[in-house]
Amino acid sequence: MGRLARAEQTQQMDVFEFFTSSLEECKQIAATLVEVGCCARCLLRFLGESKSSSYKYSYQNVYDVLGLERSSNVNSVQDCPCPSCLGILQKYADNLFLSKILQKVQDDSYEFSDYQCSLILPVCIAIRQRAIHIFLKKKFGVIYSVQEDKLPTVKDIWKWSCGFKVGELLSAQFQNKSGFDILMTFTYPESNKECSFLLDTFPDVFKKRKQRKYGFETFTRANVAKALIDMDDSKFEDCTSCPPSVPIAECSCEITCTHEPVFVAGRYQKYSRVLSQTPWIVEGKRVMEGSVEELICDPILNTFKPSDHRFSSSGREDVDVRMLGDGRPFIVELINPHCVIFSTQDMSLLQEKINSCSKDVQVRDLQIVSREDTAILKDGEISKTKCYSAECWCERPLTETDLVKLAGIKDLVLQQKTPLRVLHRRTAATRERLIHSLSAKVLSDKLFKLNLNTQAGTYIKEFVHSDFGRTTPNLGELLGAECDIINLDVESVDVDWPPKINLSIGEKNISSTSAETINYTDAEQNEESADKT
Amino acid sequence: MEESRPPSVVDRYFQKRYKTDVQGNPGEDQLILTHSNRICVICIAQSHPIICEKKIISKINFQGDGWSRLENTVTGKNKRGAQWLERMAPLCCVTCTDGSVFTLCCCVKGQLVEINTNLETRPSLLTEKSSSNGYLAVILPGLKHFNREVERLKSEEEYRKVLEYRSNKSAFQNLETPQPCGINITSLPLDAVVPEQRVTEQNKCDLQGKQEDNDETMLRDGSLCHNIKKASEVNSL
C-alpha cells in the first residue's frame, strides 16, 4: 500500500507494465473502456498488463492510478456485469465468492496440501473480447495493432487475482499444477444467442455439430475460436456490435472439486481355494461370497474415500488356485479420493488392517505409487515368467526315468488351444507358450508334485490334463500316460514391482512379519488338511 | 484313497447328456458334454455301434454333400463367421473297415467353434477315448438357447434306462425269435421305462420343447404321451 500511495502521489506508471508508457494515452483508453462498462481488471487487461501482481490491487487503486472518477464507476459496476468478463473478474473474484469456494471445499471434505483451479468460461467471452479489441483498434489505431492473443486471458487474471487469496482461505498453496482441482464452470444464459451470428456466417461448420458426439452443443470453444480467426475485422463488425452490448444477465457458477487418482500398489497372497479374484456375479446373482478384490479394496476405500476405484493385477489366478510366495503385484486406482495424505506408517497400518480382515488374503509391500509406475505392472503381465507347483496324478507310478526326463526339459514350446473352460468368452485360437523348466517329485504311488517355470499366459491345468488333447505337447504325452491335476499353486509372479518394503525398522514391524510367517504356515497346514478330506 | 482315480476332467467340469437313436437310427447314440459356460463338446456314446460292435475306423470325413465343417472359420470373442448348425446337421461321416458308414450329428443347435482335427490323422481316438480326446466338435449354443438345448437331451439316468430297456428287449426277443444284432427299435416304444417321478416336470418341458421342433423326432416323441401311462403299468408289474 505504501508503495502504491507513492505511485498515486507522483502519478507514476511504474507499478504497471502497459503497452504504452504515456500516461495520457492510458487514461484515454481507460476512460473509453469505463464508458463501455468494463471493470477495473478488464481495464488492466486491455492495457496489456501482464504482471500478475498488478491484479491484486483493489479496484480503487486501479482507478486512482488511471485518474478515473470513483463514484460513477462504482455505480456502473454494481448495475451491470462487465461486458468483457461477464462479471467473472468482478463478482466472481470478490471475497464473498471466494468464501463460497471455501464452503464448497469444506462440505466435500477433501484433504490436500496444495491446489490448482480451472475455469470453464462461457463461449461468448471470446466474441466479446474480439469486439472490444476491434473497437479499441478503430479508436486508438496503432497501439492495438498488437495481437489480440497477446492480451492476458480472463482465466489467467482470475488466478492472478484470486489464486493466492483462495490458497490462504484453504490453508493450501496455489499451484499451476496440483492433484487437487477446484473447477468453476461459468454459464451465461445468453451465450448461444450471442454466438448465433456465426451459424449464418459459417453454416457448414456449425450445422453439422448438432450431433450426439458433440453433446448437441452447436458452439464450442474450439469451433468458435477457429471461426473468429477465419473472420476478418470488417466482417465481424458487420455481424455483431463493437463494442459488445452490456450484459443483460449474470453468469452462474458451479464449483466442483476433484482429486487426481491415487494409485495404491502391493502384493497379495491367497490361501483359499474357494475365493475368486474379482467378485463373481452371474446375471446379477453372486456365485461366491467375497473376493480377493473386495478383501483388499474395502479397507483401502474406507481410508482414501474415493468416488470410484479400479483393481488390477499382474495376471490372475483361478478360484481354486492359491497364490503363494511373495504374492502377486496389484494396483488399486482410487478415482477422486477425498483423503490422500498418508505416511509410510499409515500405509503399513492400512496393510495390517487388510491382513487382519481375513486369513485367506494377505497383503504386503502396500504403498502409494505414481501413475507412470503402473505401466510396469501391465507390461509384466505378458512379458514376465511365473512359477507354479501342481499336485498331479498319473495313471501309473512315475519312474526315475520319468523324473529325469521331465527335469531335462528346457524351453518346451506348447501349442495351446483356448481352453474349453474359457472358450465361451475368449477368441478361439492356438497360442504358443513356453515352459522354461519342469521338475517332478513323487509324493505317493500315483501322486506327484510338479514344479514349473513358464511364460506368462500359459494355462497350467490344461498342460497337465491336456484339455481333450487341445494342448500339445502335454504332460500325459510326455510321460506316455494319462495325467490329471489335483491342486495348483502359484509360487511366484516374477515382476520386480512394486518395490519391496523392508519391515525391519521397529519392534512392532518385526513382530508383524513373524506373525505373517506363522499365518502362512497355519494357512498352508489348514489347506493341506482340507485337501485330504 | 490314492489307488482310486481322482475325478476326471469330464467329471469335474462337465455334465453328461445324451441323444439316443440319432436321426432315428437305432443304437446310434451320442454323448454331449455340457460345461456351465455353455460350451458343448460333442462325442459318441459307448452304446454307439462303432464302439459297442468294436468297429475299426478307416476314415473320418468332416465334409459331405453340400456341407463342410473344415471350412468353418471363427474370429474374435463373439465367434464371428462360425457355421450355425441345427440339431440334425451332420458333423462328420465315419467309414469303418467293414464298409459301414455312420453320420454323426451336432445334436445341439449352435455355433460350430471347432472340430477335432486330430481325428483326421488318428481316427482310432474316436473309439479309444470317445468321451475325451476323441471328441468330434465344440458347439456353442446361443445364450438363450443353451438351457433348452440341454433340457432336450437325456440325462445319464434316462440314458441308462434306455440301455436297460434295450437289453431287456433284445434278451426277450432272443428268447422268442432269435434275431441278429440291429433290432428294429423304431417300431418299439423307446421311452417306455420312465421312472414315475420324472413324468411330471421334466417330461412336460420335454414335450413342449419337442413340439416346437419340426424335425423327424416329433413323430416318435408324439407317442411319448401314452408311453408315460404305460410306464406306471410296467412299474406296477
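Not measured: the values here are computed from a predicted model.

**Student:** For this particular structure, what's the right way to read the overall build of chain A?
**Tutor:** What chain A contains, in helices and strands, is 19 helices and 16 strands. A buried classification covers 50% of the 533 residues belonging to chain A. Sequence-distant contacts in chain A: of pairs separated by 6 or more residues, those separated by 24 or more amount to 78%. Carbon together with sulfur atoms contributes 51% to the accessible area of chain A, which is approximately 25200 Å² in total.

**Student:** When you look at the packing of helix α7 (residues 124-140) of chain A against helix α9 (residues 191-201) of chain A in this model, what are you seeing that I'm missing?
**Tutor:** Each pair of packed helices gets described by two things: the angle between the helix axes and the distance between those axes. Residues and elements named next belong to chain A. In the contact formed by α7 and α9, the axes pass within 9 Å of each other and the chain directions differ by 65°. Considering the relative orientation of α7 and α9, their crossing is left-handed. Contacts from Cys-124, Ile-127 and Arg-128 in α7 reach Ser-191, Glu-194, Cys-195, Phe-197 and Leu-198 in α9. Looking at the contact of α7 with α9, its residues break down into five nonpolar, one polar and two charged.

**Student:** Just checking my understanding: could you explain the state of the cysteines for this structure?
**Tutor:** In a disulfide, the sulfur atoms of two cysteines are held together by a covalent bond. Residue and element names in this part refer to chain A. Across all of its chains, the model carries zero disulfides over all chains by this definition. The closest cysteine sulfur to the non-disulfide-bonded Cys-162 is located on Cys-117, 8.2 Å from its own sulfur. Of the residues examined, Cys-162 reaches a relative accessible area of 0% and is grouped as buried.

**Student:** Would you explain helix α14 (residues 344-357) of chain A in this entry?
**Tutor:** The α-helix advances 3.6 residues per turn, and as a result positions three or four apart in sequence lie on the same side. Residues and elements named next belong to chain A. If you check α14, its first and last C-alpha atoms are 20 Å apart, about what 14 residues at 1.5 Å a residue would give, namely 20 Å. Of the positions making up α14, those classed as buried are Met-347, Leu-350, Gln-351, Ile-354 and Asn-355. Along the axis of α14, the buried positions cluster into a sector of 135°, meaning they face one direction only. Of the exposed residues in α14, those oriented more than 90 degrees away from the buried face are Gln-345 and Ser-356.

**Student:** Where do I start with unusual backbone geometry in this structure?
**Tutor:** Glycine aside, residues mostly have negative phi, and peptide bonds are mostly found in the trans state. All names here are of chain A. That bond from Thr-472 to Pro-473 is cis: its omega, -15°, falls within 30 degrees of zero. Among the structural elements, Pro-473 can be located in the loop between β15 (471-472) and α18 (475-479). In this structure, Phe-468 is a non-glycine residue whose phi angle is positive, near 60°. Of note, Phe-468 is situated in the loop between α17 (460-465) and β15.

**Student:** How should I be thinking about the sheet that holds strand β9 (residues 101-105) of chain B in this particular structure?
**Tutor:** Residue and element names in this part refer to chain B. Pairing within the open sheet is antiparallel, and its three strands lie in the order β4-β8-β9. The open sheet is flanked by β4 (57-61) and β9, the only strands paired with a single partner. This sheet shows a mean twist of 20° between the axes of neighbouring strands, independent of strand direction. Bridge count for strand β8 (residues 90-96) against β9 is five bridges, and the pairing is antiparallel. Following the sheet pairing, Cys-93 is matched in β9 by Thr-103.

**Student:** Whenever I open this one, the interface of chain A and chain B confuses me. Can you help?
**Tutor:** The extent of an interface is frequently quoted as the accessible surface area lost upon association of the parts. Counting residues at the interface gives 26 residues for chain A, matched by 32 residues for chain B. Here chain A packs against chain B, burying approximately 2300 Å² in sum over the two surfaces, 54% of which is carbon and sulfur. Broken down residue by residue, the surface that chain A buries against chain B is led by Leu420(A), His424(A) and Phe468(A), which jointly contribute 29%. Connecting chain A to chain B are four salt bridges. The salt bridge involving Arg5(B) is made with Asp484(A); its shortest N-O contact spans 3.8 Å. Counting across the interface, chain A meets chain B through 10 residue pairs in polar contact (both at pLDDT 80 or more).

**Student:** Sorry if this is basic, but what is going on with the environment of Leu153(B) here?
**Tutor:** With respect to the element layout, Leu153(B) can be found in the loop between α5 (146-152) and α6 (156-176). Sequence-distant contacts of Leu153(B), defined by excluding residues within four places in its chain, comprise Arg17(B), Tyr18(B), Lys19(B), Ile32(B), Cys107(B), Val108(B) and Glu158(B).

**Student:** So what exactly am I meant to see when it comes to the sheet that holds strand β10 (residues 110-115) of chain B here?
**Tutor:** Within a beta sheet, neighbouring strands are joined by backbone hydrogen bonds and run either parallel or antiparallel to one another. Residue and element names in this part refer to chain B. Taken in spatial order, the six strands of this open sheet run β1-β2-β3-β11-β10-β7, and their pairing is antiparallel. Of all strands in the sheet, those with a lone pairing partner are β1 (14-19) and β7 (84-85), marking the two edges. Pairing between strand β2 (residues 30-35) and strand β3 (residues 40-44): five bridges, direction antiparallel. Paired with Leu-31 across the bridge in β3 is Cys-43.

**Student:** Help me understand the pairing of strand β13 (residues 430-442) of chain A in this model?
**Tutor:** Each regular strand shows side chains that alternate between the opposite faces of the sheet. All names here are of chain A. Where strand β12 (residues 410-417) and β13 come together, seven bridges link them in antiparallel fashion. Considered in β13, the bridge of Gln-415 is made with Glu-432. Sheet topology places β13 next to strand β14 (residues 447-455); seven bridges connect them, and they run antiparallel. Of the residues in β14, the one forming a bridge with Leu-438 is Leu-452.

**Student:** When you look at the nonpolar core in this model, what are you seeing that I'm missing?
**Tutor:** Nonpolar side chains tend toward joint burial in soluble globular proteins. Residue and element names in this part refer to chain A. Membership of the largest hydrophobic core comes to 81 residues, with the highest contact counts inside it found for Ile-101, Trp-158 and Leu-198. Among the elements that line this core, the one with the most residues is α7, at nine residues. Sequence-distant contacts of Trp-158, defined by excluding residues within four places in its chain, comprise Ile-88, Leu-89, Tyr-92, Ala-93, Phe-97, Leu-98, Ile-101, Cys-117, Leu-119, Gly-163, Val-166 and Met-184. Counting residues in hydrophobic clusters, the runner-up holds 58 residues, among them Leu-275, Met-323, Ile-409 and Val-464.

**Student:** Please clarify how the pattern of salt bridges should be interpreted in this entry.
**Tutor:** Any two side chains of opposite charge can pair if their charged atoms end up close together. All names here are of chain A. Overall, the coordinates contain 35 salt bridges over all chains when judged by the stated rule. Glu-194 is paired through a salt bridge with Arg-128; the nearest N and O atoms lie 2.9 Å apart. Taken together, the positions of Glu-194 in helix α9 and Arg-128 in helix α7 put the pair 66 residues apart, joining distant regions of the chain. The partner of Asp-489 in a salt bridge is Arg-273, with the nearest N and O atoms 2.9 Å apart. Highlighted residues: Asp-489 in strand β16 (residues 483-493) and Arg-273 in the loop between β5 (262-270) and β6 (281-282), separated in sequence by 216 residues. Taking relative accessible area as the criterion, Asp-489 reaches 4% and is therefore assigned buried. Taking the relative accessible area as the measure of exposure, Arg-273 reaches 13% and is therefore buried. By sharing partners, the salt bridges in this structure join Asp-318, Asp-320, Arg-421, Lys-461 and Glu-462 into a single network.

**Student:** Quick question: what am I supposed to make of the packing of aromatic side chains here?
**Tutor:** For any pair of aromatic rings, the description rests on two quantities: the centre-to-centre distance and the angle between the ring planes. Residues and elements named next belong to chain A. In this structure the tally under the stated criterion is 13 aromatic pairs over all chains. Between Phe-197 and Phe-236, the aromatic rings sit 6.0 Å apart at their centres with planes inclined by 80°, giving edge-to-face as the arrangement. Of this pair, Phe-197 sits in helix α9 while Phe-236 sits in helix α12 (residues 233-239), and the two are 39 residues apart along the sequence. Of the two residues examined, Phe-197 and Phe-236, each falls in the buried class. Summarising the aromatic geometry, the rings of Tyr-268 and Phe-330 are spaced 6.0 Å apart at their centres and angled 45° between planes, so their arrangement reads as tilted. With Tyr-268 in strand β5 and Phe-330 in strand β9 (residues 321-335), the pair connects residues that are 62 residues apart, well separated along the chain. Among the residues examined, Tyr-268 registers a relative accessible area of 0% and is labelled buried. Judged by its relative accessible area of 0%, Phe-330 falls in the buried class. Following the ring pairs from residue to residue traces out a cluster consisting of Tyr-92, Phe-97 and Phe-186. We note Arg-130 situated over the ring of Phe-236; from NZ or CZ to the ring centre the distance is 5.2 Å.

What counts, and at which threshold
Residues numbered from 1 in each chain as written. Chains lettered and ligands numbered in written order. Predicted model: local features only at pLDDT ≥ 70, side-chain atom pairs only at ≥ 80, totals over all residues. Heavy atoms only, no water. Helix = DSSP H or I, 4+ residues; strand = E, 2+ residues; numbered from the N terminus. Buried < 20%, exposed > 50% of the residue type's maximum accessible area, 1.4 Å probe, protein only. Contact = heavy atoms within 4.5 Å. Areas by Shrake-Rupley, 256 points an atom, 1.4 Å probe, with all protein chains shown as cover. Axes fitted to C-alpha atoms, helices over the stretch in contact; angles between N-to-C directions. Left-handed = near helix turned anticlockwise from the far one by under 90°. Nonpolar A, V, L, I, M, F, W, Y, C, P; charged D, E, K, R; others polar. Disulfide = S-S within 2.5 Å. Expected span 1.5 Å × (residues − 1). Arc of directions from axis to C-beta. Pairing = 2+ DSSP bridges. Buried area = accessible area lost by both parts, 1.4 Å probe. Salt bridge = Lys/Arg side-chain N within 4 Å of Asp/Glu carboxyl O. Polar contact = N/O pair within 3.5 Å; in protein donor to acceptor, adjacent residues only side chain to side chain. Core = buried A, V, L, I, M, F, W, Y, C linked by side-chain atoms within 4.5 Å. Phe/Tyr/Trp six-rings, centres within 6.5 Å; stacked < 30°, edge-to-face > 60°. Lys NZ or Arg CZ within 6 Å of the ring centre and 35° of its normal.

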